[in-house]
Structures are given as structure tokens and as C-alpha cells.
Amino acid sequence: MEKDLLLSVNNLKVYFHGEETISKAVDGISYEVAKGQIVSLVGESGCGKTVSALTLLGLVPCPPGKIEDGEILFRGKNLLNFSEQQMQKVRGREISMVFQEPMTSLNPVFTIGDQIQEVILNHENVGKEIALKRTITLLKDVGIPSPEERVNDYPHLLSGGQRQRVMIAMALACGPDLVIADEPTTALDVTVQAQILQLFRELQQKRNMAVLLITHNLGVVAEIVDRIYVMYAGIIVETGTVKEVFKDPFHPYTMGLLAAIPGSSKKGKPLYSIPGSVPDSAYKPEGCPFNPRCPYVQDECKIKFPEMVNFKAGHQARCPITYRLWENQELPKNRHFGFENVKRAGQA
Amino acid sequence: MISFIARNAVRKSITLFFVSVISFLIIYLAPGEPSQIDPLNPMFTKEVLERFRKEFHLDKPLHIQYLYFYRDLFTGKSVSWKDNRPVLGKIWERFLNSLPLFILGTLITWTLSFPVGIRAAISRGSFYDRSTTFLAYFLISIPGFFFAYILIILVVTQLHVPVIGMQTFGLSSANSWTLLMDRLWHLFLPSVLGAAGGVAILSRYVRNQMLEVESQDYVRTAKAKGLPSDQVHYKHALRNALLPFVTMFGLVLPGLIGGSVIIESIFSWPGMGRMAYEAILARDYPVILTVNFVSAILVLAGTFLSDLLYMVVDPRIRL
Ligand SMILES: Nc1ncnc2c1ncn2[C@@H]1O[C@H](COP(=O)(O)OP(=O)(O)O)[C@@H](O)[C@H]1O
Ligand SMILES: [Mg+2]
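(A) Main features of the overall build of chain A. Per the secondary structure count, chain A includes 13 helices and 12 strands. The C-alpha atoms of chain A give a radius of gyration of 21 Å, which matches the 20 Å a tight globule of 348 residues would have. For chain A, the spread of C-alpha atoms along the principal axes amounts to about 70 × 50 × 45 Å. Looking at the 348 residues of chain A, the share that counts as buried comes to 53%.

Quick look at the structure:
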């Protein structure tokens, strides 16, 4: 995997400077995406997922945003050193993005054909006819029926799912090496969600491109993702392969996310959700940012910021407490199902 | 399309009818009557007064007066009570005087406001943005007549350019080139002044509209495609930011007959605004009502025009 490294983000920090506060939206994250791999960034709303994705494309509004530290190596080159002109060549051609809100992400006054063609005409030296032909093929690829007619439609005539398909077609238009999908299914109906994910998987395999799939729902990623990075309050708290993380979650936050997957709690029981909420990125708690919500919390968690710990090769988590328990083989099996019980045990 | 136009025409005619009734009523409900203009004037004996009242149908019930008035208006027989001249002719003459002022003022307003507002929005927070903001609020808050006098003093004493009236008195014998330049000079200052407030307000509005659109998701999408920033701003953002101004453009039409009382008074410009103002003072009902009626027609035509334009520019709006 290492030899085909496509993207490597190291200690990236993106802060938003307000009047009196500093929002540390992304506070030192590192992750890697290899060629043709699907990697997922998982975490609740407000964890800094969107900001970290926008940073890859240089689309964070600065000011108020500021990239404080870190590097983004794409094919070995640091994108943070690129000029705006150089970034324009990367965007849409080498890295493209599918956004969370299909209803508002398409321009209402241009036809979808125009908007897809525009990417091709912008990045490649081809004529309008070829661009149109390719647009129709793309629409067919993403499963839009009768694409020859649909190219002339305006976005408002399409359903949410269809618009997201159009966004995907747009993202794929120039055959990028990396597609960032920022919660591509969150705004859609459940049945449509499954179709769009399926489409992603098919297209990814056919085109052998890498996908950075951002989601707040671990259930979404289980079947299609290679590697997971769990994000909380601007930092990565756990990473591993899907199998490892699902079977053996080490960070209490990951355990909570797993418990919160719809269908994982027993039938008849209400859907589990982690108590409390993500801290405001301007007012993060001292020590481990998860400590106010954590069932395993100890005194040291409130003082000391936890380091990343290697549990197994390639499977790391930012929690010294569970590491000690795990070493002593005191960490319960089936932890994600027993999250609620852990909570009670922790309090007792 | 045709059914849309027909429906619109019917609806607008009904509106027009009510406007005519209401404006008629308002004028007649206002205290005073034309025949009372100068009760101390010894020429106005009781008999003369009665004759006047009869002649102008002022002795009839209101609804009859209303019918008389609009019959006269539509048959073109309506005359000013002040000087007995046909109302439409009078309005037309003043309209032609106001027209160059209106055209130049509108042209300046619209051609300046957009570039200024758009550039301010795109370079938000820059020196340019802040200085145009300051200038706009300055122009909005300074009283028009005061500003006019400052400008007049400046222009007359520094540039020695004639500014009062539509042309220099007694110049009619000069050659046509001098005449033309003279008229243009006279046109210049009132138009600039008339446009100043308009530019200030409209450019603010353009800036805010543009800023709002710049923060939309589809603008982010356009950037994410790798488009050059000109294409992002001037294609994706601008097209959307312009939509509301299509409506405003239709509303420019009534300005054709409005004119500006203040500016026309300052510059002794014999335009529509002053005529309407003087008609009100003189209780010259036919003139007041006709101006009113014509501007109502222009407002309705303007909204109709914007509806049509909107359909052309916004694909979401269909019949
Ligand atoms: N333009 C911005 N200005 C100020 N703060 C921002 C801005 N964008 C995002 N943030 C802050 O960054 C944090 C992370 O946001 P985001 O990346 O959207 O989270 P996620 O995508 O994980 O839901 C939030 O606390 C938010 O308040
Ligand atoms: Mg987000």
C-alpha cells in the first residue's frame, strides 16, 4: 500500500479566527490515501470533516480561516505551496469533490449539461461536440435515464438523488485520481442513499480512482471502505482497516459510533446515541476532547492530551486508558454493543 | 404565453380601474376646491364661480364627475384648468423636456452601480470596498439640494459652465454645434446629481446581492471544478445576482413620468416633476389626475415587463 501513496496529510491545522475566539476546526490531523483506495473520514457533525476536505482543494475561506500548520502531499507535492493558478488545475481534474447538499450545489440558471461540460472544456483542449458527447456518456454512467434529453434540463427539474448523480458525473468528468465525497448521501432518502453508495463503489472499481468518503454514519462505510479514520473535535482518534475497527474498536468514541449504527442495537430498543454533543471548536475541553462524554474517563484524561497509541500494526487509537485495559486483557469483547453498560459500569 | 399575456392584461386593467377610482377620490377628498382658489380676488364673483363650477362639471355628483373626467381624458378633450391647454399636449411637452434628463440619469445610474457594486463585493473588505461604502453612505445621507448647490458653485466658478435651465438664454442664433454643446452642458449637472443618489443606493444593493450569491453552495461547486475566478464570479455568481434587478428594471419605467421636483426646481428645468408639483398647488385636477393615471399605466406596464423578463432569465419560472 505504501508504495502507491496518493495523498498524505500530515499534522494539518486549520483555525478560524473570530473576533475574540479561535475555532480550532481542524487541529492536527494526519491521514493517507493510496491509489484506488476508498478511505473514510468518520465523525459526528461539527468534527471538522468538511473543513479538512475543503482544505485539500484550497477552498477554505481565508480569512476567517487560516492554515496554521501541516502539509498536504498529493503525489509527493505539497498542495499548500501551490499558487491559486496551480490549484485551479488540480481542482476538478486531479481532485474533485461531491458535496453534501445536492439541492443547492448545482447552479439553478444553467442546464446540467452546461455545468458538466464546463469542467471538460475548462481542463481539456477539446471541442464542444466532444464535450457534449462525453457529458451524455457520463450521465449514462451515473444512471440518469435518457441522458440525451436530460442534458438540457435545468437542475430544478431533477430529484435530489438525480442531482447528486449529476454532481458525481461532474466530479468524474476529467477522470480525477481522487474524489472527495462529503456526506454524499446524508441529504437523501434512505433508499436513494443505498443506490448512490452502490454507484460510488461501482464507479470507483471501474475507474480505479481513490475516494475519500466523509460520513457521520459508520454503517454507511462498512461494506465499501478499505480504511477508516475516526475524527473527533478536529483530531483523528482512531484509525484502522474496516474489519479491525468494527471488530475491535479501541477508542471509546469509536465504540459509541458503532453502537449508534441503526440496526446494531437490539430490536425494539430505541436507537442509541452518544450522550452529549461535539464541543464547539472554539471551546474544547482540556486534555482529551472526548473526556466529558467518555464512559472510560479517568482524572488524567482531563489534564493530558492523549497521544496516538499503536494497538496493533496499522491500528491506532488516541486513548491510554483503553490501551492499559487492553494490555491487561480487561477490555470487554463486543464493546460497541455494550457501550451503554460500560457507561453504567464506569459511573459505578 | 398568449394566455399569460391575456390574463395579465385583464388583471392589470382591473387594477388600473381601481387606481383611477381611488386617485380620483383622494383628490376630491382633499380639502379645498379649485373654485376656491382665490376667494378674495374681486374678479371671482359668485356668478363667475357658478359658471366655472358648471363648466367644469363641479356641480355634478362625484361618480358623474368621474365619468366626465375619464371620458374627456380618453377622447383627448381634457384641458388644464389653469391655462385651458389640452392636458395631454402639456404633458407631452414636459415629458420631452424630462426625457433627456431621465435617459442620461438612468444610464449613469445603471452603468456605474453594477461595476462598482460587483467589484466591491468581490474584493470584500478591501480598500476599494471600504471607500465605496463610505462614499455611498455619504451620498445617501447628504441632502440633495445642499449637494446640488455645492456642485453648482464648483462647476460655475471653476469650469464656467452654464447650469441653469435647459439652455443659455438668447443663444438661439449661434451655430448648431455651440447650441448642442450648450444643451449638453445644461444636461450634465442635473443628470449627475439625479444619478448620484441612485448610484449610491443601487451599488449598495448590487454589492449585497452579489455577496449573498457568492456564499451559495453552487459558487463553491464552481470553484471546486477548477474554474478561473473570473468565470466563478462573472458567470456563476453574477448571473444569479442579476435576477432581482430584472424586476427593478421594469420599475424604472414609471420614472419616465415622475421626474425629480427638487432637481428640476434647483436647475429651473421645465420638466414633468415641476409641472405636476405646480399642478397640485394650483389644484389643476385634470393635470394631476392625468399624470397619476399615466404613471399608473407605466407602473403596470413595468411590472408586466419584469414578469416577462424574469421568465426569460430564470429557468425556474415558467408559465
Ligand atoms: N467559515 C467558517 N467560519 C468559522 N468557523 C467555521 C467555518 N467553517 C467551519 N467552521 C467551524 O469549524 C468546525 C467544523 O465544521 P465542519 O468541518 O463543517 O464540520 P463537519 O463537516 O464535520 O460537520 C465547526 O465548529 C464550525 O463552527
Ligand atoms: Mg460537513
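(B) Highlighting the pattern of salt bridges. Under the criterion given, the structure shown has 21 salt bridges over all chains. Where D27 of chain A meets K284 of chain A, a salt bridge forms, and the shortest distance between an N and an O atom there is 3.7 Å. Within this pair, whereas D27 of chain A is found in strand 2 (residues 22-34), its partner K284 of chain A is found in the loop between helix 11 (252-259) and strand 11 (309-312), the two being separated by 257 residues in sequence. With a shortest N-O distance of 3.7 Å, R220 of chain B and D217 of chain B are connected by a salt bridge. Here D217 of chain B and R220 of chain B lie together in helix 8 (residues 217-224), a separation of 3 residues that amounts to about one turn.

(C) Focus on the pairing of strand 6 (residues 95-98) of chain A. Residue and element names in this part refer to chain A. In strand 6, alternate side chains face the same way, and those of I95 and M97 on one face and S96 and V98 on the other are all buried. Of the strand pairs in this sheet, strand 6 and strand 7 (residues 178-182) are connected by 4 bridges, and their pairing is parallel. By the bridge assignment, S96 is partnered in strand 7 with V179.

(D) Quick peek at the packing of helix 4 (residues 87-122) of chain B against helix 13 (residues 285-313) of chain B. Residue and element names in this part refer to chain B. Relative to each other, helix 4 and helix 13 sit at 60°, their axes nearing to 10 Å. Taken together, the axes of helix 4 and helix 13 are oblique relative to one another. Here the hand of the crossing between helix 4 and helix 13 comes out right-handed. Only P286, V287, T290 and V291 of helix 13 make contact with helix 4, whose side of the interface consists of V87, L88 and I91. For the contact of helix 4 with helix 13, the per-class residue count stands at 6 nonpolar, 1 polar and no charged.

(E) Quick look at the environment of Q205 of chain A. All names here are of chain A. Relative to the helices and strands, Q205 resides in helix 8 (residues 190-207). Residue classification places Q205 among the exposed residues on the basis of a relative accessible area of 55%. In the structure, Q205 is positioned 168 residues away from Q37 in sequence and 9.3 Å away in space, judged by C-alpha atoms.

(F) Broad picture of the interface of chain B and chain A. Residue-level contacts link 20 residues of chain B with 24 residues of chain A. Between chain B and chain A, a total of about 2,100 Å² is buried, with carbon and sulfur atoms accounting for 58% of that surface. Between the two partners, chain B and chain A, sit 3 salt bridges. Two residues, K225 of chain B and E118 of chain A, come together in a salt bridge whose shortest N-O distance is 2.6 Å. The interface formed by chain B and chain A contains 13 residue pairs in polar contact (both at pLDDT 80 or more). Examining the composition of the side of chain B that touches chain A, we find that 7 residues originate from one element, helix 9 (residues 229-250) of chain B, more than from any other.

About the criteria used
Residues numbered from 1 in each chain as written. Chains lettered and ligands numbered in written order. Predicted model: local features only at pLDDT ≥ 70, side-chain atom pairs only at ≥ 80, totals over all residues. Heavy atoms only, no water. Helix = DSSP H or I, 4+ residues; strand = E, 2+ residues; numbered from the N terminus. Rg over C-alpha atoms; globule rule 2.2 N^0.38 Å. Buried < 20%, exposed > 50% of the residue type's maximum accessible area, 1.4 Å probe, protein only. Salt bridge = Lys/Arg side-chain N within 4 Å of Asp/Glu carboxyl O. Pairing = 2+ DSSP bridges. Axes fitted to C-alpha atoms, helices over the stretch in contact; angles between N-to-C directions. Parallel < 35°, antiparallel > 145°, perpendicular 65-115°, else oblique. Left-handed = near helix turned anticlockwise from the far one by under 90°. Contact = heavy atoms within 4.5 Å. Nonpolar A, V, L, I, M, F, W, Y, C, P; charged D, E, K, R; others polar. Buried area = accessible area lost by both parts, 1.4 Å probe. Polar contact = N/O pair within 3.5 Å; in protein donor to acceptor, adjacent residues only side chain to side chain.

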